[in-house]
Amino acid sequence: MSYNNVQARLSVFSTASQSSLDYIPSVGTPPPSGGRQSITPIPKASGSKNIYDRPLNKTRNAEVSMAAYTFLFSEVIQYTQKRVHGIGDLEKRLGLFGYRIGTRALELMVWRSEGGSKNPKRETRLLPVLYVVHTQLWKAIFGKTADAIEKSVENDDEYMIIDNDPPITRYISIPKEMSQLSCSALTAGIVEALLDGLGFPARVTAHSVPKEGFPFRTTILIKLDRSAMEREEALK
Amino acid sequence: MSYHLFIINPFDTPLYSLTFLSTRPVSGPTSTLASQLPSWSASAFGGTVAALSGATSVKGSGPLGPGQGKEDRHVVMMIANASLDVVEDVQRTNGSMYLKAIDRFNEWTVSAFITPGNMKFILLHEPKNDEGIRLFFMEVWENYVKLQLSPFHNYRTPIRSPVFDARIKASAKRYL
């Protein structure tokens, strides 16, 4: 069984050459020309340093290698796919992963922007919160801002955040029989965690909406809970 | 003078608590606070609390003995939990994370800090020490952010990290 697993993993890198195990490290290393570097040095096991001794701002502008990230995410999807029945379930699981990332990202992001201030603030209104998602969150996670925020014409409680080319799904090709699937469900989970934390419970889903020139265009659809809408009404 | 810190998650479950006995000399504000309060406290809840335990006896000067602190424990927890109502009312409209002196209960003043992820730090204190408490909360927040970055931490599980505990105690010693 373990042998089969090894084969399955190798195929992630390449289907051409699977004969030699020595092949793995050379492919796993990100190309030097990319300019991006993996940031976090692996802490020494023997060292007395723990996470509380590391300054939180040290990795503020750090970037993670795209190759490493893509590999990790492909493993996440494979792992999840083996444990679910159907696409809806798969998206839900990815969303849960995202939720766990989102709670952490929210605290860290706000700490970095407000931690030095004398009177740190939380956002309490809906539009600024959506704007935070659109710029700050996207910058923190993807290194760029999202492309648009739209308000649904039909429903008052629906907002959309649109990314023309989400980096996390750039190298994922969805098979025909699973055309419903959008792996940006992970992003949806992150957004949901952020809204939840700031007190705007919502149901967030991801949908691929290809458009001319943007085959990977993705919409993160936010359907706010009634309580969030009522609260926003009351604050007006 | 004693301080009580509670970290309460969005589902109102306490994850961490700390009782800290400050050795710092207390100046004027405490006595004025104590003298302001009895009129209020005697009216509504004073009797109840006195019946519950000797919480009112804390009013006397001098640091609280450790044994006495234990007896008051459930009352202190009740006050902290009761203040959540006020905190939740205010947090919808007030964007500040640090809510100073948001609630009062007899001689206790309650200050709160709400993190963006809706985790609440509740501090019960007697003397007025706004700036010290603010700095203390900021350090608790920083340590909390570091704690929750751990992939093994879950916002429903109690905080048992000894390093976290030591860090919070060190901050308390410095600022309270």
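Before reading further, recall that the structure is shown in the block above.
Residues numbered from 1 in each chain as written. Chains lettered and ligands numbered in written order. Predicted model: local features only at pLDDT ≥ 70, side-chain atom pairs only at ≥ 80, totals over all residues. Heavy atoms only, no water.

**So, the overall build of chain A**
Across its full length, chain A carries seven helices and four strands. Taken across its 236 residues, chain A has 37% of its residues classed as buried. Residue pairs at least 24 apart in sequence account for 59% of intrachain contacts in chain A once pairs closer than 6 positions are excluded. A total accessible area of about 14200 Å² is found for chain A, and carbon and sulfur atoms account for 56% of it. (Helix = DSSP H or I, 4+ residues; strand = E, 2+ residues; numbered from the N terminus. Buried < 20%, exposed > 50% of the residue type's maximum accessible area, 1.4 Å probe, protein only. Contact = heavy atoms within 4.5 Å. Areas by Shrake-Rupley, 256 points an atom, 1.4 Å probe, with all protein chains shown as cover.)

**Quick look at the packing of aromatic side chains**
One pass over the full model with this rule turns up 12 aromatic pairs over all chains. Summarising the aromatic geometry, the rings of W138 of chain A and F142 of chain A are spaced 5.4 Å apart at their centres and angled 65° between planes, so their arrangement reads as edge-to-face. Of this pair, W138 of chain A and F142 of chain A both sit in helix α5 (residues 126-142), four residues apart, roughly one helical turn. Taken together through their ring pairs, the aromatic side chains of Y98, F113, F121, F136, F137, W141 and Y144 of chain B make up a single cluster. When the ring centre of F200 of chain A is taken as origin, the NZ or CZ atom of R231 of chain A, which lies over that ring, is 4.4 Å away. One residue, R156 of chain B, lies across the ring of F11 of chain B, its end atom 4.0 Å from the ring centre. (Phe/Tyr/Trp six-rings, centres within 6.5 Å; stacked < 30°, edge-to-face > 60°. Lys NZ or Arg CZ within 6 Å of the ring centre and 35° of its normal.)

**Details of the sheet that holds strand β3 (residues 202-208) of chain A**
All names here are of chain A. Taken together, four strands build an open sheet; the order of strands is β1-β2-β4-β3 and the sheet is antiparallel. Looking at strand neighbours, the two that pair on one side only are β1 (148-151) and β3, the edges of this open sheet. Put simply, the sheet's adjacent strands are angled 20° from each other on average, direction ignored. (Pairing = 2+ DSSP bridges. Axes fitted to C-alpha atoms, helices over the stretch in contact; angles between N-to-C directions.)

**Structural notes on the interface of chain B and chain A**
Taken together, the contact between chain B and chain A spans 33 residues of the former and 29 residues of the latter. Taken as a group, R92, P116 and K146 of chain B account for 22% of the area that chain B buries against chain A, more than any other trio of residues on that side. In this assembly, chain B and chain A are joined by two salt bridges. At the junction of chain B with chain A, the criterion picks out 18 residue pairs in polar contact (both at pLDDT 80 or more). Elements represented by at least two residues in the side of chain B that touches chain A include exactly β4 (108-114), α6 (130-149) and α7 (162-175) of chain B. Grouping the amino acids of the side of chain B that touches chain A by side-chain chemistry returns 14 nonpolar, 13 polar and six charged. (Buried area = accessible area lost by both parts, 1.4 Å probe. Salt bridge = Lys/Arg side-chain N within 4 Å of Asp/Glu carboxyl O. Polar contact = N/O pair within 3.5 Å; in protein donor to acceptor, adjacent residues only side chain to side chain. Nonpolar A, V, L, I, M, F, W, Y, C, P; charged D, E, K, R; others polar.)

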